[in-house]
Amino acid sequence: MQANLKKPTTLQEAIIYFSDADRAFRYAVELRWPDAKINCPRCGSEEHSFISTRKIWFCKGCKKQFTVKVGTIFEDSAIGIDKWMTAFWMLCNCKNGISSYELARNIGVTQKSAWFMLHRLREAMQSGSFGKMGGNGPVEVDETFVSQKPQKMHREKRLKMHEDRDYKKAVVMGMLDRESRQVRAMVVPNVKRETLQNEILSQIEKGSTVYTDGYPAYDNLTAKDYIHVTVNHVEEYVRGQVHTQGIENFWALLKRGLRGTYVAVEPFHLDRYVTGQVFRFNNRATKDNSLNDSDRFMLAMSQVAGKRLTYAQLTGKGTDSLHS
């Protein structure tokens, strides 16, 4: 089953490579079980038989069948693994993301299916737990507001927004570790002091240097064992090493995708769009690493196991809704 396959390095090579369903299947198996020890995702048994005509295994432990998709973000999808792989390649490596309409045209599925695929893939791009930031270098902290542009809204929705006095823009908080050049960003409910500082306490080591703007919600970080230095944007944007230009660069990339590629993102889906942009930013090629498109794709594929996003969760049409 396992074979040393020549890995694609460009989009053109990836499209040609994954157009062969058998080759795409073997590639997925190698990424799912890199040690060549195929085990049942349900019971963990390594005793099984392979049915080559259907590309499924029969587990001798739990007496059930399983495919390479079971136990991954691809589970219960009728779309072939070859199309999933091409979609993942494009999402990982298009700097501003890829829209569901563009993906639908490129791989030959409906726009609705492409939209669901992209959300599942963004869910897989969510990395696991990390240690705290800071310690070896300063951390830039900032927040930004995200909303749809009124001129791109449907007229009825635009009028409703203007009439709704409780309408609020979505808030995204971000942190950039200057030493590792890694970003963390998350959607937060508001910009209150308690909300923002709780995120800082949970994500940044005490004793670290924290750079922020002059927003009052950050004003007592020194009392919480941080070295807090601010830059007043009314007077200046940079004072030596004190600035938040790095995290603001990330905001520019995020909003370029949200406004240019996706156009209108609903607030309850925003977190996954942020996740996708964080993944691409943190795994970009820099002077300190030589990550290429293939490396980013393989890293993302290594994270598909153990994650699940159903259509009911995504759309709020079930009891397990993510925004119920």
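Note that the structure is a prediction, hence the values are computed from the model and not measured. (Residues numbered from 1 in each chain as written. Predicted model: local features only at pLDDT ≥ 70, side-chain atom pairs only at ≥ 80, totals over all residues. Heavy atoms only, no water.)

**As for the sheet that holds strand β2 (residues 56-59)**
Strand order across the open sheet formed by 3 strands is β1-β2-β3, with antiparallel pairing between neighbours. Edge positions in the sheet fall to β1 (48-51) and β3 (65-66), since each has one partner strand and no second. Strand direction decides the pairing type here: β1 and β2, joined by 4 bridges, are antiparallel. Each residue of the ladder has a partner; that of Ser49, found in β2, is Phe58. (Pairing = 2+ DSSP bridges. Helix = DSSP H or I, 4+ residues; strand = E, 2+ residues; numbered from the N terminus.)

**Here's the deal with helix α7 (residues 193-203)**
Buried within α7 are the following residues: Thr195, Leu196, Gln197, Ile200 and Gln203. Buried positions along α7 lie against β4 (139-146), β5 (170-177) and β6 (182-188). (Buried < 20%, exposed > 50% of the residue type's maximum accessible area, 1.4 Å probe, protein only. Contact = heavy atoms within 4.5 Å.)

**Notes on the sheet that holds β4**
Spatial ordering of the open sheet is given by β6-β5-β4-β7-β8, a layout of 5 strands whose pairing is mixed. Each having just a single partner strand, β6 and β8 (227-231) make up the two edges of the open sheet. For this sheet, the mean inter-axis angle between neighbouring strands, taken without regard to orientation, is 25 degrees. With 7 bridges connecting them, β5 and β6 associate as antiparallel partners. (Axes fitted to C-alpha atoms, helices over the stretch in contact; angles between N-to-C directions.)

**Some details on helix α3 (residues 81-93)**
Taking 1.5 Å as the rise per residue, α3 with 13 residues should run 18 Å; its terminal C-alpha atoms sit 18 Å apart, in good agreement. Judged by how many residues are buried, α3 sits mostly within the fold: 12 of 13 residues are covered. Taken as a whole, α3 has its buried residues at Ile81, Asp82, Trp84, Met85, Thr86, Ala87, Phe88, Trp89, Met90, Leu91, Cys92 and Asn93. (Expected span 1.5 Å × (residues − 1).)

**Focus: the packing of aromatic side chains**
Summed over all chains, the structure comprises 19 aromatic pairs. Relative to Phe50, the ring of Phe25 has its centre 6.1 Å away and its plane inclined at 20 degrees; by these criteria the two rings are stacked. A residue pair is termed long-range when its members are at least 10 positions apart, and Phe25 in helix α2 (residues 21-32) and Phe50 in strand β1 qualify at 25 residues. By relative accessible area, Phe25 is classed as buried at 6%. The partly exposed category is assigned to Phe50, whose relative accessible area is 33%. With 5.5 Å between their ring centres and 10 degrees between their planes, Trp57 and Phe66 make a pair best called stacked. Of the residues examined, Phe66 reaches a relative accessible area of 1% and is grouped as buried. Aromatic rings pair up to connect Tyr17, Phe18, Tyr27, Phe88, Trp89 and Phe297 into one cluster. Sitting above the plane of the Tyr17 ring, Arg23 keeps its charged end 4.8 Å from the centroid. Its end group placed over the ring of Phe25, Lys55 keeps NZ or CZ at 6.0 Å from the ring centre. (Phe/Tyr/Trp six-rings, centres within 6.5 Å; stacked < 30°, edge-to-face > 60°. Lys NZ or Arg CZ within 6 Å of the ring centre and 35° of its normal.)

**As for the packing of α3 against helix α5 (residues 111-124)**
Where α3 meets α5, the axes come as close as 10 Å, and the angle between the chain directions of the two elements is 65 degrees. Of the possible angle classes, the one that applies to α3 and α5 is roughly perpendicular. With respect to the hand of their crossing, α3 and α5 are arranged in right-handed fashion. Contact residues: Lys83, Trp84, Ala87, Phe88 and Leu91 in α3; Met117, Leu118, Arg120, Leu121, Arg122 and Ala124 in α5. Of the residues that constitute the contact of α3 with α5, the class distribution is 8 nonpolar, no polar and 3 charged. (Parallel < 35°, antiparallel > 145°, perpendicular 65-115°, else oblique. Left-handed = near helix turned anticlockwise from the far one by under 90°. Nonpolar A, V, L, I, M, F, W, Y, C, P; charged D, E, K, R; others polar.)

**Digging into unusual backbone geometry**
What you tend to see is this: most non-glycine residues have negative phi, and most peptide bonds are trans. Unlike most non-glycine residues, Ala36 shows phi in positive territory, near 65 degrees. Inspection of the secondary structure puts Ala36 in the loop between α2 and β1.

**Description of the pattern of salt bridges**
A pair can form between side chains of opposite charge whenever their charged atoms are brought close. Scanning the model with the defined rule gives 7 salt bridges in all. Here Glu140 makes a salt bridge to Arg178, at a shortest N to O gap of 2.7 Å. Here Glu140 is found in strand β4, whereas its partner Arg178 is found in the loop between β5 and β6, with 38 residues between them in sequence. Residue classification places Glu140 among the buried positions, given a relative accessible area of 1%. (Salt bridge = Lys/Arg side-chain N within 4 Å of Asp/Glu carboxyl O.)

In short, shape yes, function no, at least from these values alone.
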